[in-house]
Amino acid sequence: PLMGGGDWNDGMNKVGIKGSGTSVWLGFFLYYIISDFIEIVKKHKKLDTKKYISFLDKLKYSLNTVAWDGDYYLRAFFDNGSTLGSHLNDECKIDLICQSFSILSDVITKDKINSVIKSVEENLVDSDLKIIKLLTPPFSKSINNPGYIMDYPEGIRENGGQYTHATIWYIMALIKLGANELAYNYYQMINPINRTLTKNDVKRYKVEPYVIAADIYSNKQNPGRGGWTWYTGSSAWFYNIGITQILGLRKEGNTLKFSPSVPDNWDCYEIEYKYFDTLYKIKVNFTDNNDIVLDGDKLTKDFITLKNDKRIHAIVVNIRRN
């Protein structure tokens, strides 16, 4: 896919500005969207989907060959054909969102998964600063100008700092792979409240610990400092992944379903869910059987039908460990 004036990372607005540069990330995203679109077409329109399936096959092949850099995926190609996000580059040798979306889109082949995760862990995860960088090394004097992202100081915002939006996508990718413990550890690592655990954490972070920061610096002069708070789509993603993916509480229509992805050492957890004027007090146990008990009665189905009867309901969900 052509990159034009930028894709998700609008700071890379000069990569494809002349109309020839392409976005590897957008390739993964396109694959993801068309895969879902095919299912919608099958269900509602009953149209021939062969052309879409054929396109996806070609796209997947290209992403796993042309866009594969040996240990992980490239980020993009400039208008002149030069690579971005390659081990051959001096700046931006690896970019996080392509690695995450290779997994989220199901484009990645099994033989590449361990290599991608290892590359992210070794290059982008900074355990000392408690951040996961968007890319590294940051842009400074790249001959191929990627755009206004290079105008930011090194390690600030998208230019080599943590861009929280993208970090959450990586956590989602880990959950998809079943790496629940690692995903949860990173979820807690980037949780702003945990940046108040020590005086040094507070001194370094400097911004409000009760809201998500869009970015956190890896800049040498301000390492670990929080950036843009109060105005970020990351907060919605952070909340959503905690509720629907880690705790696995999913509302579909007027039903509640449970599909948690918690660490193996969790025996149980409790959560309260308010449905209009009705309160559901839920306890999820990890046991040897699968069932749901609503107000003392075992249900014959694996979900709860929500009713606004203005009562308080006690729910016990028993889930068998895989």
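Residues numbered from 1 in each chain as written. Predicted model: local features only at pLDDT ≥ 70, side-chain atom pairs only at ≥ 80, totals over all residues. Heavy atoms only, no water.

Quick one: what's the story with the nonpolar core, residue by residue and with numbers?
Ranked by size, the top nonpolar core spans 71 residues in total, and within it Phe258 and Ile282 carry the most contacts. For this core, the element with the most residues is helix H5 (residues 164-176), which contributes 9 residues. Each residue touching Phe258, except ones within four places of it in the same chain, is listed here: Gly248, Leu249, Ile282, Val284, Ile292, Ile304, Val317 and Ile319. Grouped together as the second largest cluster of nonpolar side chains are 11 residues, Met12, Val15, Phe78 and Cys92 included. (Core = buried A, V, L, I, M, F, W, Y, C linked by side-chain atoms within 4.5 Å. Buried < 20%, exposed > 50% of the residue type's maximum accessible area, 1.4 Å probe, protein only. Helix = DSSP H or I, 4+ residues; strand = E, 2+ residues; numbered from the N terminus. Contact = heavy atoms within 4.5 Å.)

Tell me about the sheet that holds strand S11 (residues 255-258), and please be specific about residues and values.
Taken in spatial order, the 3 strands of this open sheet run S10-S11-S16, and their pairing is antiparallel. The open sheet has two free edges, formed respectively by strand S10 (249-252) and strand S16 (304-305), since each of these has just one partner strand. Looking at chain direction, S11 and S16 are connected through 2 bridges and run antiparallel. Looking at the pairing, Thr255 lines up with Thr305 of S16. (Pairing = 2+ DSSP bridges.)

How would you summarise a nonpolar patch on the surface if you had to cite specific residues and measurements?
Taken together, the side chains of Phe29, Tyr32 and Ile33 present a nonpolar region at the surface, about 240 Å² in accessible area. For Tyr32, the location among the structural elements is in helix H1 (residues 24-45). (Patch = residues over 30% accessible without salt bridge, like charges linked within 9 Å, V, L, I, M, F, W, Y side chains within 5 Å. Areas by Shrake-Rupley, 256 points an atom, 1.4 Å probe, with all protein chains shown as cover. Salt bridge = Lys/Arg side-chain N within 4 Å of Asp/Glu carboxyl O.)

Outline unusual backbone geometry, listing residues and values.
Trans is the prevailing form of peptide bonds, just as negative phi is the prevailing case for residues other than glycine. Cis geometry is found at the peptide bond from Thr136 to Pro137, where omega equals -15°. The topology assignment puts Pro137 in the loop between strand S7 (135-136) and strand S8 (162-163). The phi dihedral of Cys92 is positive, around 55°, even though this residue is not glycine. Among the structural elements, Cys92 can be located in the loop between strand S3 (83-84) and strand S4 (94-95). Here Cys92 falls in the buried class, since its relative accessible area comes to 0%. Phi at Lys206 is positive, roughly 75°, even though this residue is not glycine. Assignment of secondary structure puts Lys206 in the loop between helix H7 (199-205) and strand S9 (215-216).

I'd like a rundown of the environment of Phe28, residues and numbers included.
Within the secondary structure layout, Phe28 lies in helix H1. Residue classification places Phe28 among the buried residues on the basis of a relative accessible area of 0%. Expressed as a C-alpha distance, the spacing of Phe28 and Asn64, which sit 36 residues apart in the sequence, is 10 Å. The residues touching Phe28, leaving out its near neighbours within four places in the chain, are Leu63, Tyr73, Cys98, Phe101, Ser102, Ser105 and Val107.

Which residues make up the sheet that holds strand S17 (residues 312-320), and what values do they have?
In spatial order, the strands read S12-S13-S17-S14-S15; together these 5 strands make up an open sheet with mixed pairing. Where the open sheet ends on each side, the last strands, each with one partner, are strand S12 (268-275) and strand S15 (297-298). Here strand S14 (residues 291-294) pairs with S17 via 4 bridges, running antiparallel. Paired with Val293 across the two strands is Val316, which belongs to S17.

Can you lay out the pairing of S17 for me, pointing to particular residues and giving the numbers?
The pairing of strand S13 (residues 278-287) with S17 spans 9 bridges and is classified as parallel. Following the sheet pairing, Thr287 is matched in S17 by Arg320.

I'd like a description of the packing of H5 against helix H6 (residues 180-190), backed by residues and values.
Across the interface, H5 lies against H6 with an axial gap of 8 Å and an inter-helix angle of 160°. With respect to each other, H5 and H6 are oriented roughly antiparallel. Once H5 is placed against H6, the crossing between them reads as left-handed. In this structure, H5 uses Thr164, Thr167, Ile168, Tyr170, Ile171, Leu174 and Ile175 to contact H6, whose residues at the interface are Asn180, Leu182, Ala183, Tyr186, Tyr187 and Ile190. Broken down by class, the residue content of the contact of H5 with H6 amounts to 10 nonpolar, 3 polar and no charged. (Axes fitted to C-alpha atoms, helices over the stretch in contact; angles between N-to-C directions. Parallel < 35°, antiparallel > 145°, perpendicular 65-115°, else oblique. Left-handed = near helix turned anticlockwise from the far one by under 90°. Nonpolar A, V, L, I, M, F, W, Y, C, P; charged D, E, K, R; others polar.)

By themselves, these observations are geometric and do not establish any function.
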